[in-house]
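Descriptive analysis of the structure
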Amino acid sequence: MKRFSCAGALFLVGLLLTNQGRAQSLGAAGTVAGTVTDATGRPLANASVTILNRLTSYRHAETTDDEGAFRFTNVPPNSYHMEISAPEFATKEQDLEVRSAVPVDLGSIELEVAGVKQEVTVEAAGAHLLENVPYAHNDIDMQGLSKLPVSSPGSNLSDAITLSSGAVAADSNGFFHPLGDHAQTSFSVDGQPISDQQSKAFSTQIPLNAIQSTELITGAQQAEYGDKTSLVVNAVMRSGLGRKPTGSLVGQVGSFGTYSEEGTYGLGNEKVGNFLAFNMLRSGRFLDTPEFSPVHAIGNNGTLFDRFDYSLSEKDALHLNIFAARNWFQVPNTYDQPNQDQRQKVQSFNVAPGYQRIFGSKALLTVNAFARKDWVNYYPSRNGFDDTPLTFSQHRTLMNWGGKADWAYFSGRHNLKVGMQAMQTRLGEQFSFGITDPFYNPVCVDASGDPQALPSVTNPDGCAAAGFQPNPGLLPGLPAYDLTRGGSMLQFAGSRNVNQLALFAQDSIKFGNLQVQAGLRMDVYRGIVNDSAPQPRIGFSYLIPQTGTVLRASYTRTFETPYNENLVFSSASGVGGLTANALGSDSVPLHPGRRNQFNAGLEQAIGNFLVVSADYFWKYTTNAFDFGTVLNTPLAFPISLRKSKLDGLAARIGTPVLHGFQWQTTFGHTRSRYFGPQIGGLVFNNDVGGDEVFRIDHDQAFQQTTQLRYQQGRTGPWVAFTWRYDSGLVAGEVTGLDDALGLTGAQQAAIGMSCGAATPSVGVPLTADQCTAANFQVSRLSIPDNPGDDHNPPRVAPRHVLDIGVGTDNLFHADRYRTTLKFAVTNLTNTNRFYNFLSTFSGTHFVQPRSYQAALGFVF
């Protein structure tokens, strides 16, 4: 280790002492450069150059050097407005686009003497707010991220994504469902592809204070993106290039014993830069809980992110991203689990170096390497019989390493990119499982259907001799692991490598106001199964400048890969999972799926103050994927279903920043129809059926988020208000009174059940003697009169959640050293509602009760 450290130090010193050169952007971000002159061609020093996006609030200002040159680095892909001003000269404005990492060279920009009349090109009002691209997306800058209400400790990025995209349905523990899928999301972090789960229940998550901007792409994915493509999160991380020493330190306290500290520090010049972000948090409600008041829910989280940039020359640049994180948390209990003490620890490490070289002014080579590993440990209670109704433990590792290289060429009407991606994912799984409650999977029942303990009866054929009858709902794969009937713990250990290779080519071609996006991707998958598939993709957008309208349509063929987490076990458990088979007796591995996706939409500017965007999607998938969650725990096993049909609408209405005020509403609708049978998994919270079609638990009729924000100046006092409405995800199989009477007293109380004046309590459920169809009511579920698996399923009750925040980014009106102050209330009205209840694939979880947060920070 000492030899490695010395060599690394010598290499770094050598880099810093070699060729001097201007910085260029790394990863997915772009560079904008040019020279400001007067009418005679004389360079103008100290001219002010600003680029901004009025929708995302992104703003970056630079001053020209002695040669009149300016350069913006780490510019997120987007459309921008540029303003250039100098004393005694008229301000010049123009629009520009950054769509790739190929540098945008604006050449020489001439300023006229103040008072000289300049030609002005007139276009439809608001046309400069539109983006003429074939894909639906939404952009969030760090200015917007810092004001969003986040209520899921350790998953702030997930909260930001949920609140910023109408195509996303919210779920518990930072999960979100993009375009009707469970978690088909890929991340691109400074060009590093990540398609494994990033929720805190599976792994760890990059912190918000390390992100410069994110682009949320929900339609017409370009060919460079694969694996899981319902949503692509293209994140540009913050950089220290060209930055004077800047930093922040923020302390926060909140409800449920929550406190956190976070800090950033960045510095650099045009040649070298470094940015560091750290976060530490402890909360008494780390995971969403199966009871409204948290029980056994303490957790903590720590993250460290560092980005180092170095320009070898004007044409060559290096960067290095390092990320390390740790989660530790108690698994929340229900009131039916008074002594359970299950816990989980997740550790993550990621290193991702990158290199870019510019060829001339039109071509760019980008090479990214990466290595990422998760260590997940799930711990049972010390006494296994304190776990109820199941006890389990797990040690799981996932290591993903590989590289991605692409060559981009920008000339005339073409923006071409060709490349390849090769990676290996190493899976290691150790898992044990046993039943601790004799009534969880009883072998026999009495004449009324009530379960019987009968610890000596392990076969339904023995029920008659004991005076009872076989349980018609017996799960035949589980008696061997029933510890109350002399069974033994299931012990599983397995490992496998998944090798993947992708080749892609894509081109964005501009014909006047028509934009064509064409691409082809070829994936080769070698894992537990071997498969491959070509994927053509085509999209169009057309700008009508007279009306300020963009029309778009696309077709995308994708190759959907199974989730890697617990993939080895799920590929051994067979059709129906462990509940239907003894482990290994009917192994059916999970195969990749194929998807056809169609999108059609428009974007419309209304004056200079409003933009409306809407996108309809239709997706047909063979071999559709989901997770089967064990009870209410973070333990989840991938499953596949025969096919899925998903369609819906995602829309956004918003304003640019108008005198400090900004409004944005996103909303969406999704129909998620899945067709059995199901393959893989462990045990399920209710029956997923056979070959029939059903609405899966991420089907939601409507969701919307409205955000209102006002700030005085760039750093003055601000107020932010958020209203989130969810019409309700599909719930478990509580279809009426009979199902409700089969719940425990705690579960009946959770759904808000009552029968006239009678209400349940922990350990004292309501019974058939107290309840009739006439007096039966529930307040937290929506049970239709004629429920059906497909067209009229039961759902959790609709919910409105209001959040408000106030603060200032410069409490004492200082110039260099600023003090920030923030106070926020989430779930202002203390809405007592579910995310899900006995969900087949998610369990039971409540929305966080009303909570308060106060933060004090120091920024320089």
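To be clear, the structure that these remarks concern was listed above.
Residues numbered from 1 in each chain as written. Predicted model: local features only at pLDDT ≥ 70, side-chain atom pairs only at ≥ 80, totals over all residues. Heavy atoms only, no water.

Quick notes on the environment of Val 859
- Here Val 859 shows up in strand β46 (residues 851-859).
- Along the sequence, Val 859 and Leu 610 sit 249 residues apart, while their C-alpha atoms lie 33 Å from each other. (Helix = DSSP H or I, 4+ residues; strand = E, 2+ residues; numbered from the N terminus.)

Describing the state of the cysteines
- A complete count under the given rule lists 2 disulfides for this structure.
- Cys 444 shares a disulfide with Cys 463; S-S distance 1.9 Å. On the S-S bond that ties Cys 444 to Cys 463, the torsion sits near -85°, and the link is left-handed. Taken together, the positions of Cys 444 in strand β24 (residues 444-445) and Cys 463 in the loop between β25 (451-452) and β26 (469-470) put the pair 19 residues apart, joining distant regions of the chain. Each member of the pair, Cys 444 as well as Cys 463, carries the same accessibility label: buried.
- The disulfide partner of Cys 755 is Cys 771, and the S-S distance across this bridge is 1.9 Å. Where Cys 755 bonds to Cys 771 through sulfur, the torsion about that S-S bond is close to 95°, and the disulfide is right-handed. With Cys 755 in strand β38 (residues 754-755) and Cys 771 in the loop between β38 and β39 (776-777), this residue pair connects regions lying 16 residues apart in the sequence.
- The buried category is assigned to Cys 755, whose relative accessible area is 3%. (Disulfide = S-S within 2.5 Å. Buried < 20%, exposed > 50% of the residue type's maximum accessible area, 1.4 Å probe, protein only.)

Regarding the sheet that holds β24
- Ordered by their spatial adjacency, 3 strands build an open sheet running β25-β24-β26, and the pairing between neighbours is antiparallel. Looking at which strands have only one partner, the edges of the open sheet turn out to be β25 and β26.
- Bridge analysis of β24 against β26 gives 2 bridges, and the strand direction is antiparallel. By the bridge assignment, Val 445 is partnered in β26 with Gln 469. (Pairing = 2+ DSSP bridges.)

Brief notes about the pairing of strand β37 (residues 717-726)
- Where strand β36 (residues 703-711) and β37 come together, 9 bridges link them in antiparallel fashion. The partner of Gln 704 across the bridge, within β37, is Tyr 725.
- Connecting β36 to the next strand, β37, in antiparallel fashion are 5 residues, including Gly 713 with a positive phi near 70°.
- Both β37 and strand β42 (residues 799-808) contribute to a ladder of 10 bridges, which runs antiparallel. Residue pairing for β42: Asp 726 is matched across the bridge by Arg 799.

A short note on helix α3 (residues 156-164)
- Within α3, 8 of the 9 residues are buried, which leaves it mostly tucked inside the rest of the structure.
- Of all the positions in α3, only Leu 157, Ser 158, Asp 159, Ala 160, Ile 161, Thr 162, Leu 163 and Ser 164 are classed as buried.

So, unusual backbone geometry
- Note the cis peptide between Thr 388 and Pro 389, where omega equals 0°.
- Here Pro 389 is to be found in the loop between β21 (363-379) and β22 (390-411).
- Residue His 813 is not a glycine yet carries a positive backbone phi of 55°.
- With respect to the secondary-structure elements, His 813 resides in the loop between β42 and β43 (818-826).
- With a phi angle near 55°, Asn 830 is a residue other than glycine that sits in the positive phi range.

Observations regarding empty space enclosed by the protein
- One pass over the full model with this rule turns up 18 cavities of 30 Å³ or more.
- One number sums up the size of the largest cavity: a volume of about 360 Å³.
- Forming the walls of the largest cavity are 23 residues, and the residues nearest its centre are Ser 151, Asp 159, Leu 163, Val 801 and Tyr 835.
- Those elements giving two or more residues to the lining of the largest cavity turn out to be α3, β37 and β42.
- In terms of residue class, the lining of the largest cavity is built from 8 nonpolar, 8 polar and 7 charged.
- Considered as a void within the structure, the second largest cavity measures approximately 260 Å³ in volume.
- Ranked by residues supplied to the lining of the second largest cavity, first place goes to strand β5 (residues 78-85) with 4 residues.
- Taken together, the residues of the lining of the second largest cavity break down into 6 nonpolar, 12 polar and 6 charged. (1 Å grid on protein atoms, 1.4 Å probe; cavity = no way out; pocket = protein on both sides within 12 Å on 5 of 7 lines; lining within 4 Å. Points joined across faces, edges and corners; volume = space filled by probe spheres on them. Nonpolar A, V, L, I, M, F, W, Y, C, P; charged D, E, K, R; others polar.)

Some words on the environment of Lys 92
- Topologically, Lys 92 is positioned in strand β6 (residues 92-98).
- Ignoring sequence-local partners within four residues, the contact set of Lys 92 consists of Met 82, Glu 83, Ile 84, Ile 109, Glu 110 and Leu 111. (Contact = heavy atoms within 4.5 Å.)

Points about the side chain of Arg 595
- Tracing the backbone through its elements, the reader meets Arg 595 in strand β31 (residues 593-606).
- Reaching out from Arg 595, the side chain makes a polar contact with the side chain of Asp 181 at a distance of 3.0 Å.
- Side chain to side chain, Arg 595 and Ser 230 meet in a polar contact 3.2 Å long.
- Look past the residues within four positions of Arg 595 in its chain and what remains in contact with it is Asp 181, Ser 230, Thr 556, Arg 557, Thr 558, Glu 560, Lys 619, Tyr 620, Thr 621 and Leu 646. (Polar contact = N/O pair within 3.5 Å; in protein donor to acceptor, adjacent residues only side chain to side chain.)

Let's talk about the sheet that holds strand β4 (residues 69-75)
- Read across the sheet, 3 strands follow the order β4-β1-β7 without closing on themselves; strand pairing throughout is mixed. Since the sheet does not close on itself, it has two edges, and those belong to β4 and β7 (104-110), each with one partner. Averaged over all adjacent pairs, the angle separating strand axes in this sheet is 15°, with direction ignored.
- Bridge analysis of strand β1 (residues 30-37) against β4 gives 5 bridges, and the strand direction is antiparallel. Counted as the bridge partner of Gly 34 is Phe 70 from β4. (Axes fitted to C-alpha atoms, helices over the stretch in contact; angles between N-to-C directions.)

Things to note about the pattern of salt bridges
- Here the structure, examined in full by the defined rule, presents 25 salt bridges.
- For Arg 307, the salt bridge identified is with Asp 190, shortest N-O distance 2.9 Å. Highlighted residues: Arg 307 in strand β18 (residues 299-311) and Asp 190 in the loop between β11 (185-189) and β12 (192-194), separated in sequence by 117 residues. Of the two residues, Arg 307 and Asp 190, neither departs from the other in class, the shared state being buried.
- Among the ionic pairs, Asp 309 bridges to Arg 307, the shortest N-O distance being 3.0 Å. (Salt bridge = Lys/Arg side-chain N within 4 Å of Asp/Glu carboxyl O.)

Side note on the environment of Ala 325
- Considering the arrangement of structural elements, one finds Ala 325 in strand β19 (residues 316-330).
- Sequence separation between Ala 325 and Phe 305 is 20 residues; the distance between their C-alpha atoms is 8.6 Å.
- Not counting the four nearest positions on each side in its chain, Ala 325 is found in contact with Thr 204, Gly 302, Thr 303, Val 346, Gln 347 and Ser 348.

A few points about the nonpolar core
- Judged by nonpolar contacts, the single largest core of 33 residues is most densely connected at Phe 392, Phe 431, Phe 433, Leu 490, Val 630 and Leu 682.
- Looking at this core, the elements that each hand over two or more residues are β22, β23 (414-435), β27 (490-511) and α4 (567-573).
- Ranked by the residues each element gives to this core, the list is headed by β23, at 4 residues.
- With 27 residues, the next largest nonpolar core counts Ala 160, Leu 163, Phe 187 and Ala 235 among its residues. (Core = buried A, V, L, I, M, F, W, Y, C linked by side-chain atoms within 4.5 Å.)

What about the pairing of β19?
- The pairing of β18 with β19 spans 13 bridges and is antiparallel. Counted as the bridge partner of Ser 311 is Ala 317 from β19.
- The antiparallel hairpin formed by β18 and β19 contains 4 residues in its connecting segment.
- Relative to strand β20 (residues 343-359), β19 runs antiparallel, the two being bridged by 15 bridges. Bridge pairing links Leu 320 to Pro 353 in β20.

Looking at the packing of aromatic side chains
- With the rule as written, the count across this model stands at 26 aromatic pairs.
- With a centroid separation of 5.6 Å and 20° between ring planes, the pair formed by Phe 286 and Phe 329 is classed as stacked. Here Phe 329 lies in strand β19 and Phe 286 lies in the loop between β17 (272-283) and β18, a separation of 43 residues in the sequence.
- Each residue in the set Phe 175, Phe 202, Tyr 563, Phe 625 and Phe 627 is aromatic and connected to the rest through ring pairs, giving one cluster.
- Seen from the ring of Phe 359, Arg 357 lies directly overhead, with NZ or CZ sitting 5.5 Å from the centre.
- The lysine or arginine in question, Lys 643, covers the ring of Phe 675, its NZ or CZ lying 4.6 Å from the ring centre. (Phe/Tyr/Trp six-rings, centres within 6.5 Å; stacked < 30°, edge-to-face > 60°. Lys NZ or Arg CZ within 6 Å of the ring centre and 35° of its normal.)

Description of a negative patch on the surface
- Taken together, Asp 691, Glu 692, Glu 733, Asp 738, Asp 739 and Asp 789 make up a surface patch of like negative charges.
- Within the secondary structure layout, Asp 739 lies in helix α5 (residues 737-741). (Patch = residues over 30% accessible without salt bridge, like charges linked within 9 Å, V, L, I, M, F, W, Y side chains within 5 Å. Areas by Shrake-Rupley, 256 points an atom, 1.4 Å probe, with all protein chains shown as cover. Lys, Arg positive; Asp, Glu negative; His and termini not counted. Charge placed at Lys NZ, Arg CZ, Asp CG, Glu CD.)

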